[in-house]
Amino acid sequence: MYRTTEYIRFNPIFYNHRMVKPMMIVFFALCFVLLAACSSISPMPSRTTTAPEKNFKAELPKKTQVFATPEKIEAVSPHEAYQYRLGPGDFVNILVWHRPELSQENIVVSPDGFITVPRVGSINVINRTPDEVQNMITLKLENLYIKPEVTVRVHEFHNNKAFVLGRVSKPGVINFPGKGTLLEALALAGGLPTDQTKENALTKCAIIRGNDTVIWIDLQDLLKNGNMALNSPIRNNDVIYIPEATDELVYVMGEVVTPGAIQIRGGMNVLKAIMLAGGMNKQANPEKVFIVRQQSLKGDVIKVDLRNLLERGDFSQNFSLLSNDIVFVSPSGMAKFNYALEKLLPSLNVLSLGTTTAESFGIMAKLRSQLWGQSGFVNTNTGVTISTGTTTTTGTSTATGTTGQ
């Protein structure tokens, strides 16, 4: 075992200015750690929290740019009195009073829109009302009969339909018995599949009309808030599409237990998203939680103080989340410091100026000399105190290097 004088002679820490040089080393090491800790992600809020814009609200936003307003729905809805028009697949009955040879039942409208009438021949009935077809047949028969009385009645309606696709129990073609509406279409399609949970309720749907019109409907506002102005009339051959629930995701990153993508559920907000990600871990800074929302090529960032929410019950910043929002929980300052320290000194998990670290710099030897009159240093691997005096004490090996008496 080395004596203290030999240890001091070969130890560069004690070689020159026994206390000044170690303190300089500690100072520069801390400066390096602080600089290294600055490399972690730290979002910069682009909006103030005192007066947030309309896109950030504590309550669930009722309308966004992707949803149609009641005014737009009214503009694309038909305003004329509803009249059924014949189309392919309809079954038609033609009755001529006192002329059974001219009467026919269950005449099918052909795919090209024609029907065949005795003594009249083929006539085109597509997109014509039953009254219009009745007048056409009457005019033809007046050349052969005196004042023929013709009645045209639709036996089965197949040209009052819509195509419901996506997340419903019975996707496919539905036929309306009368004027069709969005709610009626969803009901005829069976609503949600039976294997879906309540949290995966319908959130939105698209009505595709013709080749150039797409109307997005906020089903949360329609179903939960009872805003019947959004119950759009359905025209013949409209396509109703309900997207899958997995298409609606928010992303939780940073200091949470299980970061990742979370499916949007009813009333998703910042606190709920963080809790679904397992909650904040011990390294999180609840005062610096950020929401990143992409409105265009340049997104918006807003800062949320969850500490104020939890300690004071202030829910004004518990913003509702939209699809593709990013929630980032920042690390605390000490977490950044400890991370950089682990990279600098892999043997240390946290900043600790315990006796082990102090022993390596010779600080504990100085303290023992002043407090107990001992000299030398502790070999932390064996727990043996090496002394130059007449008394040598031994102790068990500990993490802090404390010697026994």
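Predicted model only: the values in this text are computed from it and were never measured.

(A) The arrangement of the overall build of the protein chain in detail. For the protein chain, the helix and strand inventory stands at twelve helices and 19 strands. Residue burial in the protein chain is summarised as follows: out of 405 residues, 36% are buried. Long-range pairs, those at least 24 residues apart, make up 54% of the contacts in the protein chain with a sequence separation of at least 6. Of the accessible surface of the protein chain, which amounts to about 23700 Å², a share of 57% is contributed by carbon and sulfur atoms.

(B) A look at helix α5 (residues 130–141). In a regular helix each residue adds 1.5 Å, so twelve residues correspond to 16 Å; α5 covers 17 Å between its end C-alpha atoms and thus fits that length. Of the residues making up α5, those classed as buried are Pro130, Val133, Ile137, Thr138 and Leu141. In a view along the axis of α5, the buried residues occupy a sector of 135 degrees, so they form one face of it. Turned more than 90 degrees away from the buried face of α5 sit Asp131 and Leu139, all of them exposed.

(C) Seen up close, the pattern of salt bridges. This structure, assessed with the given rule, holds six salt bridges. As a salt-bridge pair, Glu132 and Arg85 come within 3.8 Å of each other at their nearest N and O atoms. One end of the pair, Glu132, is in helix α5; the other, Arg85, is in the loop between α4 (70–76) and β1 (91–96), and 47 residues separate them in sequence. The class of Arg85 is partly exposed, set by a relative accessible area of 35%.

(D) Here's a closer look at the sheet that holds β1. Across the sheet, three strands lie side by side as β2-β1-β5; this open sheet has antiparallel pairing. Edge positions in the sheet fall to β2 (104–108) and β5 (150–156), since each of these pairs with one other strand and no more. Pairs of neighbouring strands in the sheet enclose a mean axial angle of 25 degrees, with direction left out of account. Where β1 meets β5, six bridges bridge the pair, whose relative direction is antiparallel. Note on β5: the bridge partner recorded for Leu95 is Thr151. Across the sheet, α5 is in contact with β1 and β5; its angle to β5 comes to roughly 140 degrees.

(E) Representation of unusual backbone geometry in the model. Despite not being glycine, Lys147 shows a phi value in the positive range, around 40 degrees. The backbone of Asn324 shows a phi angle near 75 degrees, a positive value even though the residue is not glycine. Within the secondary structure layout, Asn324 lies in the loop between α9 (306–312) and β17 (326–331).

(F) Spotlight on a nonpolar patch on the surface. A surface patch of nonpolar side chains, about 310 Å² in accessible area, is lined by Leu165, Ile208, Val214 and Tyr241. The residue Leu165 is located in strand β6 (residues 161–166) in this model. Take Leu165: its relative accessible area is 41%, and that puts it in the partly exposed class.

(G) Focus on the pairing of strand β10 (residues 213–218). Relative to β10, strand β9 (residues 204–209) runs antiparallel, the two being bridged by six bridges. Considered in β10, the bridge of Cys205 is made with Ile217. Counting the residues in the hairpin turn of β9 and β10 gives three residues, including Gly210, whose phi is positive at 70 degrees.

(H) Spatial organisation of the packing of aromatic side chains. For the structure on display, the rule yields one aromatic pair. An angle of 85 degrees between the planes, with centres 4.7 Å apart, marks the rings of Tyr84 and Phe157 as edge-to-face. Here the residue Tyr84 occupies a position in the loop between α4 and β1, and Phe157 occupies one in the loop between β5 and β6, the gap between them amounting to 73 residues. The lysine or arginine in question, Lys204, covers the ring of Trp216, its NZ or CZ lying 5.0 Å from the ring centre.

(I) Spatial organisation of the sheet that holds strand β15 (residues 284–293). The mixed open sheet is built from five strands, whose spatial order is β14-β13-β17-β15-β16. The open sheet has two free edges, formed respectively by β14 (260–263) and β16 (300–304), since each of these has just one partner strand. Here the average twist between neighbouring strands, direction ignored, is 25 degrees. Where strand β13 (residues 249–254) meets β14, four bridges bridge the pair, whose relative direction is antiparallel. Considered in β14, the bridge of Tyr251 is made with Ala261.

(J) Representation of the side chain of Asn285. You can see Asn285 is positioned in strand β15. Residue classification places Asn285 among the buried residues on the basis of a relative accessible area of 15%.

(K) Representation of the environment of Thr181 in the model. If you trace the backbone, Thr181 turns up in strand β8 (residues 180–181). Sequence spacing of Thr181 and Asn231 is 50 residues, and the spatial spacing of their C-alpha atoms is 6.4 Å. Non-local contacts of Thr181, meaning those with residues more than four positions away in its chain, are made with Phe176, Asn231, Ser232, Pro233 and Ile234.

(L) Examining the environment of Pro286 more closely. Tracing the backbone through its elements, the reader meets Pro286 in strand β15. For Pro286, a relative accessible area of 12% gives the class buried. Along the chain, Pro286 and Val329 lie 43 residues apart, while their C-alpha atoms are 7.3 Å from each other.

(M) The arrangement of the confidence of the model for the protein chain in detail. Confidence in the prediction of the protein chain, expressed as mean pLDDT, is 76, and 63% of residues score 70 or more. Residue range residues 61–65 is modelled with pLDDT below 50. Its contacts to residues more than four positions away, or to other chains, number eight contacts. This stretch, residues 387–405, has a pLDDT under 50; its non-local contacts, to residues over four places away or in other chains, come to 36 contacts.

Basis of the calculations
- Residues numbered from 1 in each chain as written.
- Predicted model: local features only at pLDDT ≥ 70, side-chain atom pairs only at ≥ 80, totals over all residues.
- Heavy atoms only, no water.
- Helix = DSSP H or I, 4+ residues; strand = E, 2+ residues; numbered from the N terminus.
- Buried < 20%, exposed > 50% of the residue type's maximum accessible area, 1.4 Å probe, protein only.
- Contact = heavy atoms within 4.5 Å.
- Areas by Shrake-Rupley, 256 points an atom, 1.4 Å probe, with all protein chains shown as cover.
- Expected span 1.5 Å × (residues − 1).
- Arc of directions from axis to C-beta.
- Salt bridge = Lys/Arg side-chain N within 4 Å of Asp/Glu carboxyl O.
- Pairing = 2+ DSSP bridges.
- Axes fitted to C-alpha atoms, helices over the stretch in contact; angles between N-to-C directions.
- Patch = residues over 30% accessible without salt bridge, like charges linked within 9 Å, V, L, I, M, F, W, Y side chains within 5 Å.
- Phe/Tyr/Trp six-rings, centres within 6.5 Å; stacked < 30°, edge-to-face > 60°.
- Lys NZ or Arg CZ within 6 Å of the ring centre and 35° of its normal.
- pLDDT = per-residue confidence, 0-100.

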